[in-house]
Amino acid sequence: MDTIEHEGSVTRRSFVKGASVATAALAASGVVLDGMFEKTEPAYADEQNQETSDEKIVQSHCSCNCASRCPLWFHVKDDEIQWAQSEQEAFDDDPNGKFRACLRGRSVRRWINDPDRLKYPMKRVGKRGEGKFERISWEEAIDTIATKLKETYNNYGPEAVFINLGSGVYSLTGRPFPRLLALTGGYLGAYGTYSAAQSTAAAPYMWGANSASTYAAIQDSDLVVMFGDAASDMEMGCTGESKHGFSYQHRTNTKAKYIHIDPRYSDTNCNSNDEWLPIRPGTDAALAAAIAHVLISENLVDKTFLDTYCIGYDEDTMPESAKGQNKSYKDYIMGTGYDKVEKTPEWAAPITLIPAERIKKLAHEMAEAKAPFITQYLGVQRHSNGEMAYLSICMLNLLLGVVGKKGCTTGCTTGAYSFSIPWITATNPCKSQISVFSWTDAIDHGEKMTAKHDGVKGTDQLSTGIKFFVEYAGNCITNQHSDSNRTHDLLQDESKCEFILVYETLMTDSAKYADILLPDIMRAEQKGIINDGYSGDVATCIYANPATTGEKFERRSSFDVCADIADKFGIKDKFLDGKDQEGWTKQIYEGARAKDPRLPSYEEGYEKGVFHYRNPKGYTPALESFIKDPEANKLKTPSGKIEIYSEALQKVIDTWEFDDERDVLTPVPTYVPGADSYLDCTDEYPFTLCGFHYKARTHSSFGNIEVIKQAAPQEVWINTMDAEKLNIENGETVSVFNDHGEVHIQAKVTGRVIPGTIMISQGGWRNADMNGDRIDKGGCINTLCSWHPSPLAKGNPQHSNVAGVRKIS
Ligand SMILES: Nc1nc2c(c(=O)[nH]1)N[C@H]1C(S)=C(S)[C@@H](COP(=O)(O)OP(=O)(O)OC[C@H]3O[C@@H](n4cnc5c(=O)[nH]c(N)nc54)[C@H](O)[C@@H]3O)O[C@H]1N2
Ligand SMILES: Nc1nc2c(c(=O)[nH]1)N[C@H]1C(S)=C(S)[C@@H](COP(=O)(O)OP(=O)(O)OC[C@H]3O[C@@H](n4cnc5c(=O)[nH]c(N)nc54)[C@H](O)[C@@H]3O)O[C@H]1N2
Ligand code: SF4
Ligand SMILES: [Mo]
């Protein structure tokens with residue numbers, strides 16, 4: 001019975017249904033479990049001494065937004081999780097990859113068992129942000145929410161209702177607020193993401209849609225150039241062939257040279273002896289332009305490719321509307337158009353801080369490679385000039401003419417091979433949308449926000465500001481949104497945003513701003529199906545069981561709570577549609593299965609625990625079919641071709657309103673410094689300040705786990721030479737400050753960051769006395785970031801900042 005087999009794509013693990021450890025261990029001592037339990041490696045010594053006699057093992061998961069979705073097996077005794085177990089080496093030879101949770105995932109039980117978890121519904125009694133709450137009943141909480149929601153609809157209409165970003169929960173029915181609020185009367189929608197706002201907005205102008213080869217292509221490549229792609233810092237576990245998997249799996253299959261272009265020597269870089277090219281943040285487009293200059297002036301571009309598949313490289317393929325105006329890409333690079341500056345390596349060197357000779361060499365390396373894989377991840381585009389930077393990097397693959405070839409990609413960020421299973425939803429009757437980052441503006445002056453000035457969609461101008469605000473499983477009121485101090489001040493005025501609902505597991509910094517604060521049962525404690533992460537060549541489904549069954553304080557599932565709110569509107573039946581939460585999960589899942597018969601039935605899935613499926617085609621080079629037959633397989637751009645010059649983008653430039661002269665867009669990919677670039681550095685703020693996503697946390701999630709904090713502390717990375725000038729020593733607490741605020745944070749004095757730039761990982765828990773000095777002692781970078789959105793996406797420019805550093809004592 002207790003066998004583990006590999007059935008093609010299916011991982012069969014019947015023990016997860018609750019067989020006792022004793023049974024499993026007995027089996028393990030024989031041959032059946034194949035060393036499964038002997039090789040268990042609990043992360044901590046205390047875990048190794050657990051009594052196991054009456055434990056149950058429950059199949060669960062680490063549901064968080066790190067791009068992996070790792071299964072976990074909880075050892076449960078007396079209805080409490082004792083420890084969490086990750087994948088076992090028995091799966092090393094699983095052709096579909098391994099599942100090995102990182103230290104964060106292994107700490108999920110520390111989070112679940114955290115004595116500081118929210119236990120009861122509460123209402124705010126102090127000022128917003130003070131963190132003073134009083135326990136109330138569920139009845140009062142639901143009554144208050146429903147009454148306030150009705151009032152909001154009556155007074156302002158659905159554009160005043162908003163659901164903020166919250167990426168803490170990943171299961172098919174785990175986020176029920178969109179369905180609830182669609183049925184109660186609608187809500188102001190949000191387009192884009194904090195992850196990829198700029199790239200998502202920019203890509204369609206050039207490509208019709210984002211399109212890239214997966215990392216599996218690297219096996220056929222001889223040169224890998226990664227712009228800001230810290231692949232193994234991102235998903236440290238392995239859900240199938242994740243990016244971390246990539247670092248190991250593909251490296252063993254390729255002899256390619258790797259070059260990482262990053263202001264920071266990342267852990268991904270440390271994994272090997274890859275070359276690191278330190279670059280000043282926000283200047284990748286200048287580097288790309290200089291590489292283009294070398295390729296063009298040395299006749300190394302694939303002109304046939306450019307003429308066949310693209311428009312706007314040079315005058316030969318310019319659209320009628322722009323002919324004869326020196327507006328081609330080549331004009332920009334060679335100094336015959338736009339700013340009339342030749343984009344030589346010597347021009348780019350002082351901008352990027354990469355020596356001109358190295359830029360030339362890089363251009364030659366790219367041109368000489370048989371199959372260069374030139375890619376970027378999302379750090380490059382999370383800048384104020386992210387749209388142009390994103391397209392500029394794509395240009396390199398176009399100039400070399402490698403798009404559609406084996407071992408190559410487009411330069412767009414890679415996506416994932418995945419099952420497409422939808423989440424619970426309903427059609428939102430309100431069609432107005434803002435960019436996901438613009439919500440503070442929409443609270444402040446929503447009624448003034450327009451399509452042309454603020455990127456409002458679905459209407460020309462909003463009719464109201466946001467009045468009713470929901471933050472479910474997100475810390476994005478302050479901690480994860482820019483300029484926490486400004487947001488704090490904005491939210492003090494309760495006539496602006498009148499009501500804030502936060503539904504959480506912990507007293508996060510954002511939770512302190514709630515008017516009503518609700519305690520959730522963590523998703524990892526519930527039954528549910530967890531679908532794919534967002535990278536890799538293996539699609540995964542995890543069928544999770546509830547770890548514990550007893551009532552734990554007054555925590556309640558958001559699905560049930562939304563049903564109760566619906567009841568106050570007299571639409572509970574409509575919300576439920578005859579199904580409870582499990583019924584919904586089942587229906588959504590079986591609906592997806594009807595379209596994708598590879599998926600096992602709901603029952604079979606639960607029997608198996610995990611189902612993963614490798615892309616059977618291996619990988620297909622992105623846009624292969626377009627390259628084979630561009631007429632038959634036109635892209636979704638207006639011309640059907642790759643648009644280096646975009647008339648549609650020119651139209652945006654001509655018709656939108658930009659009121660900051662640093663908000664620059666061009667119809668071909670160019671280097672524009674953007675707001676808060678190094679050009680904005682002053683004597684007071686001499687450093688560019690950039691962020692990154694850190695192994696210690698997934699955003700702010702896991703920021704409460706003491707052992708992880710000790711293993712990977714929150715620090716500001718400062719170059720040794722800069723630190724010497726400021727007399728700063730490694731490990732000392734320093735002040736980092738700019739116009740937005742001040743943080744006190746430990747210095748990491750290191751050669752791993754380019755001089756002139758300091759870096760703070762995003763997601764540190766903001767910790768400021770807002771009635772006192774307002775200094776953030778938690779080292780949250782958003783204390784220092786700006787609300788001002790990027791020009792096209794109206795997205796978060798959170799990696800573009802300038803700041804000063806000083807000793808505290
Ligand atoms: N451990 C961990 N993993 C995560 C997350 C997490 O919080 N923690 N978050 C997940 C989520 S939601 C997302 S969206 C992704 C984010 O993935 P990314 O956006 O790719 O992550 P970042 O760390 O912001 O950027 C990647 C690298 O780009 C570098 N970089 C920053 N600015 C520049 C620049 O201007 N030029 C160049 N060349 N490099 C630059 C950074 O130093 C970093 O090493 O990660 C996911 N994975
Ligand atoms: N400066 C800067 N800011 C950034 C970024 C950056 O690079 N730089 N990156 C941005 C990106 S890419 C993203 S995706 C966002 C992410 O921003 P958020 O979505 O706010 O991410 P987290 O901070 O992980 O917040 C998730 C929250 O969900 C809660 N949670 C976990 N499990 C449960 C559950 O079962 N139920 C409930 N109710 N809550 C739960 C956690 O306690 C946590 O507070 O941050 C963005 N912010
Ligand atoms: S890699 Fe991501 S999903 Fe996997 S255990 Fe770590 S934090 Fe959780
Ligand atoms: Mo993200």
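Parameters at a glance
- Residues numbered from 1 in each chain as written.
- Chains lettered and ligands numbered in written order.
- Predicted model: local features only at pLDDT ≥ 70, side-chain atom pairs only at ≥ 80, totals over all residues.
- Heavy atoms only, no water.
- Domains from an automatic or database assignment.
- Buried area = accessible area lost by both parts, 1.4 Å probe.
- Salt bridge = Lys/Arg side-chain N within 4 Å of Asp/Glu carboxyl O.
- Polar contact = N/O pair within 3.5 Å; in protein donor to acceptor, adjacent residues only side chain to side chain.
- Helix = DSSP H or I, 4+ residues; strand = E, 2+ residues; numbered from the N terminus.
- Nonpolar A, V, L, I, M, F, W, Y, C, P; charged D, E, K, R; others polar.
- Near = heavy atom within 4 Å.
- Phe/Tyr/Trp six-rings, centres within 6.5 Å; stacked < 30°, edge-to-face > 60°.
- Buried < 20%, exposed > 50% of the residue type's maximum accessible area, 1.4 Å probe, protein only.
- Lys NZ or Arg CZ within 6 Å of the ring centre and 35° of its normal.
- Contact = heavy atoms within 4.5 Å.
- Pairing = 2+ DSSP bridges.
- Axes fitted to C-alpha atoms, helices over the stretch in contact; angles between N-to-C directions.

**Some points on the domain arrangement of the protein**
Thought 1: With domains assigned, the protein is organised as domain 1 (21–112), domain 2 (122–195 + 435–527 + 548–576), domain 3 (201–412 + 623–655) and domain 4 (678–807).
Thought 2: Using only C-alpha atoms to locate each centre, domain 2 and domain 4 end up separated by 28 Å.
Thought 3: Counting each side, the surface lost to burial between domain 2 and domain 4 is near 2400 Å², with a carbon and sulfur contribution of 44%.
Thought 4: Summed over the shared surface of domain 2 and domain 4, the number is two salt bridges.
Thought 5: Among the ionic pairs, aspartate 509 bridges to arginine 766, the shortest N-O distance being 2.6 Å.
Thought 6: Between the two partners, domain 2 and domain 4, sit 22 residue pairs in polar contact (both at pLDDT 80 or more).
Thought 7: For the side of domain 2 that touches domain 4, the secondary-structure elements that each account for two or more residues are α17 (439–445), α18 (451–454) and α19 (484–492).
Thought 8: For the side of domain 2 that touches domain 4, the class distribution of residues is seven nonpolar, 18 polar and eight charged.

**Considering the site of ligand 3**
Thought 1: Ligand 3 sits among 13 residues. The nearest are Cys62, Cys66, Cys70, Cys102 and Gly237.
Thought 2: Looking at the shell around ligand 3 residue by residue, the class counts come to seven nonpolar, four polar and two charged.

**Here we look at the packing of aromatic side chains**
Thought 1: With the rule as written, the count across this model stands at 27 aromatic pairs.
Thought 2: Each ring, one from phenylalanine 177 and one from tyrosine 472, has its centre 5.7 Å from the other, and the planes form 45°; the classification is tilted. One end of the pair, phenylalanine 177, is in helix α6 (residues 177–184); the other, tyrosine 472, is in strand β16 (residues 468–472), and 295 residues separate them in sequence.
Thought 3: Residue class for phenylalanine 177 comes out buried when judged on its relative accessible area of 3%.
Thought 4: Pairing tyrosine 589 with tyrosine 602 gives two aromatic rings, centres 6.4 Å apart and planes at 65°, and the pair type is edge-to-face. With tyrosine 589 in helix α22 (residues 581–595) and tyrosine 602 in helix α23 (residues 602–608), this pair connects stretches of sequence that are 13 residues apart. Both residues of the pair, tyrosine 589 and tyrosine 602, count as buried.
Thought 5: Above the face of the phenylalanine 575 ring, arginine 179 is positioned so that its terminal group lies 5.8 Å from the ring centre.
Thought 6: In this structure, arginine 598 packs its charged tip against the face of tyrosine 613, placed 4.4 Å from the ring centre.

**Comments concerning the side chain of threonine 757**
Thought 1: With respect to the helices and strands, threonine 757 occurs in strand β27 (residues 757–761).
Thought 2: For threonine 757, the side chain forms a polar contact with the side chain of threonine 688, separated by 2.7 Å.
Thought 3: When sequence neighbours within four positions are dropped, the list of residues in contact with threonine 757 reads Arg280, Pro281, Phe687, Thr688, Cys690, Trp717 and Asp722.

**Points about the sheet that holds strand β4 (residues 70–77)**
Think of a sheet as strands paired side by side through backbone hydrogen bonds, with each pair either parallel or antiparallel.
Thought 1: Sheet architecture is open: three strands sit in the order β3-β4-β5, paired in antiparallel fashion. Each of the sheet's edge strands pairs with one partner strand only, and the pair in question is β3 (56–62) and β5 (80–85). Each strand of the sheet is rotated relative to its neighbour by a mean of 35°, with strand direction disregarded.
Thought 2: Taken together, the seven bridges between β3 and β4 define a ladder with antiparallel strand orientation. Bridge pairing in β4 places cysteine 62 opposite cysteine 70.

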